[in-house]
Every structure is written in structure tokens, then in C-alpha cells.
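As a plain string of letters, each chain reads:
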Amino acid sequence: MEMSIYDSKEYRRSRTAYIVQCTGEYFTSVLVTDAFLTRLLSAIGISDSLVGIISSFITLAFVIQLLSIQVVKAKISSKKLVMIFDVISVFCFMLMYLVPFVSASKEVKTILVTALVFFAYIGKYLVINVLFKWGNSFVEPKNRGVFSAGKETISLFCGMFFTAIMGYIIDKYESVNNLNGAFLFLSGSIFVLNICNFISLSLIAKEKVEDKKAEEPYGKVILKIIKNKKFRNVIFLTILYDTARYFTIGFLGVYKYKELMMSALLVQIINIVAGLGRMSVSKAFGRFSDKYSFAKGFELGLWLLAAGFVVNVFTTPSSWYLIIIFTVLQTCSYAGTNANSFNITYSYIDSEYIVQAMAVKNSIGGLFGFGASILGGKILDAVQSNGNTVFGIHVYGQQVLSLISFVIVCVAILFVRKVIEKQSIMVQ
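Summarised in this report is the structure supplied together with it. Values in this document were obtained by computation on a predicted structure and should not be read as measured data.

Description of the overall build of the protein
The secondary structure content of the protein amounts to 17 helices and two strands. Along the first, second and third principal axes, the C-alpha atoms of the protein reach 65 × 45 × 40 Å. In the protein, which comprises 428 residues, the proportion classed as buried is 56%. Across the protein, contacts joining residues at least 24 apart in sequence account for 86% of those joining residues at least 6 apart. Carbon and sulfur atoms make up 68% of the accessible area of the protein, which amounts to about 18000 Å² in all.

Shown next as C-alpha cells:
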């Protein structure tokens, strides 16, 4: 029997390097979100609502993905593009933790941190779809769901030890009132991760010539994608999903830090527990999605997310432990929504336009997600200004936001079931 090209040494090495790169990228994402980022922003003196908005900048950076439609037409290989912009992105994250050492006012530091976060995500999301298509070109199409689940499991398993160690170290710095030392350590750690990122990307084989398709005018490509009714439905689903998440999640880091008074180590231990939960269901989600459809796998993830937001509605300082249940449900939900949010594009868009289609989908969803974070910030400010009281009931802003997110997720579940899952799909 003739050996499949996917079993060749070059393809196997590329898949391994892609997995390592994704693992390192996950480590970096841990260090620039949640408890770590919250401590940096709070140390600078940024308000709770602005902390949430800055934490949600990832959604606004999605808009930059529209430029990837031009990027894929550039006379430069996908490998070079990804290596340049991804490395610059991680470098910006590294510089972010050096801002406290700048001799400047709070306003200037706020601008610097905001700019670095924004440009870091711009670099990342300009080429994220290119990286996805490039990395997955070495994966046999019928195994994409299982491969994605396996890649995710490795990242989560390694991430458990990484987050615990980092949380412990940062808590040690904080216990001796040396947050600047913690920020310097975080910056150095990200620098090391960036070196690993560069090496792993270097080991992935260059994309095949046939992956480069004939050029088409920018407007024609956009029009062709938008005119696809099935994919328009996927875009609407993305809008609902991103709106629901970023309405609340960006404000939970500061909630854990201030109202729930959770240490960095405790937050990371909870994340580890959640990661174990996600690992336990990841492969099952991947097999389920490969067997039935990426849409059905996405719906399962939405059910878990909805349950998580319900739990979070009842999370207060006196019932802080409920945040554990929320985190587990939310993290496990990503086993259904994360990879499938990418893979579902293959069901309705010709592979020639995968990068462009994902750029359009994520950009539109990102705009709505960022808008949701701004609205969520205003609601949080209003609740806090009113003494954490709504209609005479003592409640925290994050509880109100969680309730709104729950309603939006329920609408998304109905839309997937009644519309998306009834659409015929492409196998490619």
C-alpha cells in the first residue's frame, strides 16, 4: 500500500512543530490574561470597567483580520508572514510588563499598555488564519477534529504545570510587596517563550505551491463570501457567541482579584482544575464533531457555556467557590466551540477562500464583541456607582452581566439548532 503524504517525515515533523507552537502560544496567552493582566492594569491604577475593556481588546483586533485577505495575496510565503508578525506580537506582550518601570504619569502608562496590548493582538490576528490553514495543511482532512482535540489536550496538560508554577511565583513576589519584580519576571518569561515560538515555526515545512490560489480583486472576494447565505448564518452565530462572551468575561479577572479576593495561585489552581475537565472531554468533542458535524459540536459547547453563566449569576464573595464551577463549565465549553469555530468554515466555504472567510467572520464578530465589552463596562460602572444595588437588591455588576450573557447564549443555541444544523455541508 502506498504511503500517504500525511505519513511522510516532513508532514509528521510539521504537525509536531505546530503542536509545540500552539502550546507555547497558549502559555503566552495565560500570562497576558486573567489574574496576571489584572494585576498589571490595577497596579497602574486603571478602573475596573477599563480593565475589562482592555482585556477585551482581542475582539477589536479581530477586525485586522480583514487585511489577511490582502496578506494571502502577497508575494511572500505564509511561513515568513506568520514568523514575522507572530514574533512581533509576542514581543509587544513582553514589553507590556515593562511599562510599570517607565517614569510617566498614570495616563501615559495607560496609553502605553493599551497600545501594546492592541498592537500585540493586531500582529497575532493578522496572520492567525494564515497560520491555521498552513498548520492544518499537514493534517489529513478527515482527522481535523481529532487532531485539534489532541493539540488542545497537550496544551492544556502542559499548561496546568505552567500556570501553577507561574501563579505560585507571582504570589511570592506579591507577598513581599514586590509587584515590579513579578512584572519583570513575567516579561522575561514571555521573552523565552518567544524564542521557542520562533524555533517551532521554523520547523514547520513551507506551504505547498498549490496552496496559493489565483488572485481575485479584494471586493470580489468579500462579495463572494457575503453572498453565501449559509456562511452568513455562521457569521450571525459568531456575532451572538462573541457578544455573549465579551459582555462578561473581560470583567471577571478584576472581580476575582478585588471582590472575591483570590490570589494568583488560587486562580491558576482553578484554571488547572478546569483544564483537566476540558482535557477529559476534548477528544470526545473532537470525535463527536467529526462524526456528526462541527455545528453540533459547537452547540454542545454553547450548552456548557450557558450553564456556566447561570452559575456565575449567583457568584458573590460569600459564595466565591461558585467561580470554580463557572470556570470549569466555561473552559470545557471551549472544547466544543474553539476548534469548531474554525472548522465550521470548511463546511460552507470552498477551501480557496478559507482564510478570507474566517477573516470576515471573526472581524464582524470581533466588532460586536468589543461593542459588548464597552456596553458591559458602562453597566458595571452604573451598578458600582449605585452602591452595587439594582432595583433595591444588592448585586455585583458581574452578576448582572452574566445574566445578560446567559440570555444571548440561549439565543445562539436556538439559532444553531433551528438554522445552522439544517444546512447541507461540504466535505473538503
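More follows now that the structure is in view.
Examining a nonpolar patch on the surface
On the surface, Phe191, Val192, Ile195, Phe198, Ile199 and Leu203 cluster together into a nonpolar patch covering about 550 Å² of accessible area. Of note, Phe191 is situated in helix α9 (residues 179-203). Take Phe191: its relative accessible area is 43%, and that puts it in the partly exposed class.

Topic: α9
Taking 1.5 Å as the rise per residue, α9 with 25 residues should run 36 Å; its terminal C-alpha atoms sit 37 Å apart, in good agreement. Among the residues of α9, Gly181, Ala182, Phe183, Leu186, Ser187, Ser189, Ile190, Leu193, Asn194, Asn197, Ser200 and Leu201 are the ones counted as buried. Looking at the buried residues of α9, the elements they touch are α1 (9-31), α2 (34-44), α6 (78-96), α7 (106-136) and α8 (144-175).

Let's talk about the nonpolar core
Nonpolar side chains in soluble globular proteins tend to be buried together. Grouped together as the largest cluster of nonpolar side chains are 107 residues, with contacts concentrated most on Met96, Tyr97, Leu302 and Ile420. Residue contributions to this core peak at 14 residues, all from α7. Residues within four places of Ile420 in sequence aside, it is in contact with Asn233, Val234, Leu237, Ala295, Ile344, Tyr348 and Phe415. One finds Phe247, Ala372, Leu380 and Leu401 within the second-largest nonpolar core, a separate group that totals five residues.

Description of the side chain of Thr110
When you line up the elements, Thr110 lands in helix α7. Owing to a relative accessible area of 14%, Thr110 belongs among the buried residues under this scheme. Excluding residues that lie within four positions of it along the chain, Thr110 makes contacts with Ile44, Ile46 and Leu50.

Observations concerning the environment of Leu203
Turning to its location among the elements, Leu203 is positioned in helix α9. Discounting residues that sit within four places of it in the chain, Leu203 has contacts with Arg13, Ser14 and Ala17.

Quick notes on the packing of aromatic side chains
Overall, the coordinates contain 16 aromatic pairs when judged by the stated rule. Grouping aromatic residues by their ring pairs yields a cluster made of Tyr6, Tyr11 and Phe138. Above the ring of Tyr125, the side-chain terminus of Lys124 is found at 5.7 Å from the ring centroid.

Some thoughts on the pattern of salt bridges
Think of it this way: side chains of opposite charge can pair up when their charged atoms draw near. One pass over the structure, following the stated rule, counts six salt bridges. Linking Glu25 and Lys124 is a salt bridge whose minimum nitrogen-to-oxygen distance equals 3.3 Å. Of the two residues, Glu25 is situated in helix α1 and Lys124 in helix α7; the sequence distance between them amounts to 99 residues. Residue Arg39 is joined to Glu174 by a salt bridge in which the shortest nitrogen-to-oxygen separation is 3.1 Å. You can see Arg39 sitting in helix α2 and its partner Glu174 sitting in helix α8, a full 135 residues away along the chain.

Conventions used here
- Residues numbered from 1 in each chain as written.
- Predicted model: local features only at pLDDT ≥ 70, side-chain atom pairs only at ≥ 80, totals over all residues.
- Heavy atoms only, no water.
- Helix = DSSP H or I, 4+ residues; strand = E, 2+ residues; numbered from the N terminus.
- Buried < 20%, exposed > 50% of the residue type's maximum accessible area, 1.4 Å probe, protein only.
- Contact = heavy atoms within 4.5 Å.
- Areas by Shrake-Rupley, 256 points an atom, 1.4 Å probe, with all protein chains shown as cover.
- Patch = residues over 30% accessible without salt bridge, like charges linked within 9 Å, V, L, I, M, F, W, Y side chains within 5 Å.
- Salt bridge = Lys/Arg side-chain N within 4 Å of Asp/Glu carboxyl O.
- Expected span 1.5 Å × (residues − 1).
- Core = buried A, V, L, I, M, F, W, Y, C linked by side-chain atoms within 4.5 Å.
- Phe/Tyr/Trp six-rings, centres within 6.5 Å; stacked < 30°, edge-to-face > 60°.
- Lys NZ or Arg CZ within 6 Å of the ring centre and 35° of its normal.

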